[in-house]
Amino acid sequence: MTEALAPDICVIGGGPGGLSVAAAAAAFGVPTVLIERDKMGGDCLNTGCVPSKALLAIARRADQIRTAGVFGFDTQNVPVNFLKVCERIHKVIASVAPMDSAERFTALGVRVIQEHARFKDRKTLVAGDIEIRARRFVIATGSTPAVSEIPGLGSGPYLTNESIFDLKERPEHLIIIGAGSTGLELAQAFRRLGSSVTVLEKGAPLANDDPECVDIVVGRLESEGVVIRRDVNIVGITHAGGTVTATIAAGDAEQTVTGSHLLIAAGRKPTIEGLDLGTAGIRYDATGIFVNRKLKTSNRRVYAIGDCTSEQPRLTHAANYHAGLVIRNALFRLPTRVEKDTIPRAIFTEPELAHIGLTEAQARARRIKIRIARSAYYGNDRAQTDGETHGHIKVITTGKGKIVGVTIVGTKAGELISMWVLAVAQRLNIRAFLDVVLPYPTLSELGKRAAVDFFAPRLTGIWVRRIIAWMRFFG
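In this text the structure is predicted, and so the values were computed from the model without any measurement. (Residues numbered from 1 in each chain as written. Predicted model: local features only at pLDDT ≥ 70, side-chain atom pairs only at ≥ 80, totals over all residues. Heavy atoms only, no water.)

S.K.: I'd like a rundown of the overall build of the protein chain, residues and numbers included.
M.R.: In terms of helices and strands, the protein chain carries 13 helices and 25 strands. By the compact-globule yardstick of 23 Å for 475 residues, the protein chain fits well, its C-alpha radius of gyration being 25 Å. On the principal axes, the C-alpha backbone points of the protein chain span a range of 95 × 60 × 45 Å. Counting all 475 residues of the protein chain, 48% fall into the buried class. A separation of at least 24 residues holds for 63% of the contacts in the protein chain among residues at least 6 apart in sequence. (Helix = DSSP H or I, 4+ residues; strand = E, 2+ residues; numbered from the N terminus. Rg over C-alpha atoms; globule rule 2.2 N^0.38 Å. Buried < 20%, exposed > 50% of the residue type's maximum accessible area, 1.4 Å probe, protein only. Contact = heavy atoms within 4.5 Å.)

Shown next as structure tokens:
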């Protein structure tokens, strides 16, 4: 017999964005239903952010042991027990999982349904033998790895982020297709754990980021032994005798790269198949669900957030940001508007690469008359003590100093970008950083040094010198 539910909010998808909506709605006492057909926590917990960062932490420790000689330690090669690496990754997942569990959300007052969901009409959703007619629906189904149609790819096994963390043996030679954030993070991690790694990219690595900062990241990976082949077309994949071979075209010549494992890390696609969106009058295409600046779809009852939307950043924190906007608009009727320029991004290679706002190229494309302020890690005392002197901060401002974009490449960039996120969101002038007192010695001083760099030409100009001379003359 069909059960009928009529909650205020029905969330489809138990990833970060969906869980944030459900938790917030329940906290306000709003009747809420959450539908998840697979694992609670979504890609982020089970196959994305959490396991990848656990792997990177393990690889970082391996590299620290290997390079400890500069700090006075006599180090030798330490063998890697890859089975224990895998165990550690899954232990971290298990430690985070209770916060995302169905049991926790049920205790919060959310009705959790673990079934596939599909729209029956514009007002009704079906999940198993349950029909839901909610006042508002929120689609938060996330994304899955995009697998290119390469001839021969399906003739044998290959890995994606959904399967690579289940490996029990270290790859002898890992071929990675895609030099985006996922591809480069995993390339460095596996290289540090002893695998040979070749990255194949049809364009430029990290193509959406500042090229001069990307060069520093790529240079570090290459110095560690990662082979990065850019501007190549993959024309075929063959499997034979436990190996995989990629045939690539670089210019007019064809070459081959043979490895033990193949990882596809060439972007992601929205998870919207089987939802019957057209039945609900929701517009979408291959890039995702179309939403307006309030994150509403073409069906006024339905919002969409996170990776399943079109032309929105596919980032966990972007989904959480979207969730907050939906709660404000759906529950309190407050005006909301997505501000994509205030959503930061970070790549957790070593060195890390973090960004907020406009890049230099984007600012120039908008015909903004910009100034650029910089501060190098090499000139920072904490960076010197820690032996992490590669990288810099690059601040893009208007001519009068309003901060419109910041890129940091270097150790802890993902942490250091935080105060610049606030600066861009609040439209601060770089002058504000001259007035703050920061603890010494810390990497945070890089930001203040960049502000000094911005004002240095004015403070050392001829008129300033004349004023100082005049004041000295009159005592």
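Still more ground to cover, so stick around.
S.K.: Describe the environment of Lys 123, and please don't skip the residues or the numbers.
M.R.: By the element assignment, Lys 123 lies in the loop between β5 (117-119) and β6 (125-127). Along the backbone, Lys 123 and Ile 370 are 247 residues apart, and their C-alpha atoms lie at a distance of 49 Å. Ignoring any residue separated from it by four or fewer positions in sequence, one finds Lys 123 in contact with Ile 132, Arg 133, Ala 134, Phe 137 and Arg 301.

S.K.: Hey, could you go over the nonpolar core for me, with residue numbers and the actual values?
M.R.: In this structure, Leu 55, Ile 164 and Val 199 are the most contacted members of the largest nonpolar core, which totals 41 residues. Elements with a contribution of two residues or more to this core: α3 (49-66), α4 (82-96), β10 (173-177), α6 (181-192), β11 (196-200) and α7 (211-223). The element best represented in this core is α3, accounting for seven residues. Residue contacts for Val 199: discarding those within four places in its chain leaves Ile 176, Gly 178, Ala 179, Leu 184, Ala 187, Val 226, Val 227, Ile 228 and Arg 229. By size, the runner-up hydrophobic cluster in this structure holds 26 residues, among which are Met 40, Ala 140, Ala 323 and Ile 327. (Core = buried A, V, L, I, M, F, W, Y, C linked by side-chain atoms within 4.5 Å.)

S.K.: Could you give me a rundown of the sheet that holds β6, with the residues and numbers involved?
M.R.: With mixed pairing, the four strands of this open sheet are ordered in space as β1-β7-β6-β5. Only two strands of the sheet have a single partner each, and these edge strands are β1 (3-5) and β5. Adjacent strand axes in the sheet meet at a mean angle of 25° when their direction is disregarded. (Pairing = 2+ DSSP bridges. Axes fitted to C-alpha atoms, helices over the stretch in contact; angles between N-to-C directions.)

S.K.: Go over the pattern of salt bridges, please, and point to the residues and values.
M.R.: The final tally for this structure, using the stated rule, is 20 salt bridges. Two residues, Asp 43 and Arg 268, come together in a salt bridge whose shortest N-O distance is 3.4 Å. You can see Asp 43 sitting in helix α2 (residues 42-46) and its partner Arg 268 sitting in strand β17 (residues 268-270), a full 225 residues away along the chain. Asp 43 gets classed as partly exposed once you look at its relative accessible area, which sits at 25%. Residue classification places Arg 268 among the partly exposed positions, given a relative accessible area of 26%. As a salt-bridge pair, Arg 230 and Glu 222 come within 3.8 Å of each other at their nearest N and O atoms. Judged by its relative accessible area of 37%, Glu 222 falls in the partly exposed class. Put simply, Asp 63, Arg 66, Arg 192, Arg 220, Glu 224 and Glu 350 are held in one network by salt bridges that share partners. (Salt bridge = Lys/Arg side-chain N within 4 Å of Asp/Glu carboxyl O.)

S.K.: Any details on helix α8 (residues 316-332)? Residues and values, ideally.
M.R.: Between the first and last C-alpha of α8 there are 24 Å, a value that for 17 residues agrees with the 24 Å anticipated at 1.5 Å per step. Of the positions making up α8, those classed as buried are Ala 318, Ala 319, His 322, Ala 323, Leu 325, Val 326, Ile 327, Asn 329, Ala 330 and Leu 331. Buried residues belonging to α8 abut β2 (9-12), α1 (16-27), β8 (136-139) and β20 (302-304). In the stretch just after α8, Arg 333 is the one whose phi turns positive, near 60°. (Expected span 1.5 Å × (residues − 1).)

S.K.: Kindly report on the packing of α3 against α4, identifying the contributing residues and their values.
M.R.: Put simply, α3 and α4 touch, their axes get as near as 9 Å, and they point 135° apart. As far as their axial angle goes, α4 and α3 are oblique. Relative to α4, α3 is oriented so that their crossing is right-handed. Together, Val 50, Pro 51, Ala 54, Leu 55 and Ile 58 of α3 and Val 85, Arg 88, Ile 89, Val 92, Ile 93 and Val 96 of α4 make up the contact between the two elements. Here the contact of α3 with α4 is composed, by residue class, of ten nonpolar, no polar and one charged. (Parallel < 35°, antiparallel > 145°, perpendicular 65-115°, else oblique. Left-handed = near helix turned anticlockwise from the far one by under 90°. Nonpolar A, V, L, I, M, F, W, Y, C, P; charged D, E, K, R; others polar.)

S.K.: Could you give an account of unusual backbone geometry, naming the residues involved and the relevant values?
M.R.: A cis amide bond links Glu 350 with the next residue in sequence, Pro 351, at an omega value of 0°. With respect to the helices, strands and loops of the structure, Pro 351 is situated in the loop between β21 (345-347) and β22 (352-357). In this structure, the amide linkage connecting Tyr 440 to the following residue, Pro 441, adopts the cis form with an omega of -5°. As for its position among the elements, Pro 441 is in the loop between α11 (413-425) and α12 (445-459).

S.K.: I'd like a rundown of the sheet that holds strand β14 (residues 243-250), residues and numbers included.
M.R.: Strands in a sheet are paired, the pairing made by backbone hydrogen bonds, and the direction either parallel or antiparallel. Spatial ordering of the open sheet is given by β13-β14-β15, a layout of three strands whose pairing is antiparallel. Sheet topology places β13 (233-240) and β15 (253-259) at the edges, where each strand pairs with a single neighbour. Taken pair by pair, the neighbouring strands of this sheet meet at an average axis angle of 20°, ignoring direction. With seven bridges connecting them, β13 and β14 associate as antiparallel partners. By the bridge assignment for β14, Thr 238 is matched with Thr 245.

S.K.: Would you mind going over the side chain of Thr 297 in detail, with residue names and values included?
M.R.: Tracing the backbone shows Thr 297 in the loop between β19 (288-289) and β20. Looking at Thr 297, its side chain comes within polar contact range of the main-chain oxygen of Asn 299, at 3.0 Å. The residues contacting Thr 297, other than those within four sequence positions of it, are Ile 282, Ile 289, Phe 290, Val 291, Val 302, Tyr 303 and Ala 304. (Polar contact = N/O pair within 3.5 Å; in protein donor to acceptor, adjacent residues only side chain to side chain.)

Geometric values such as these leave the question of function open.
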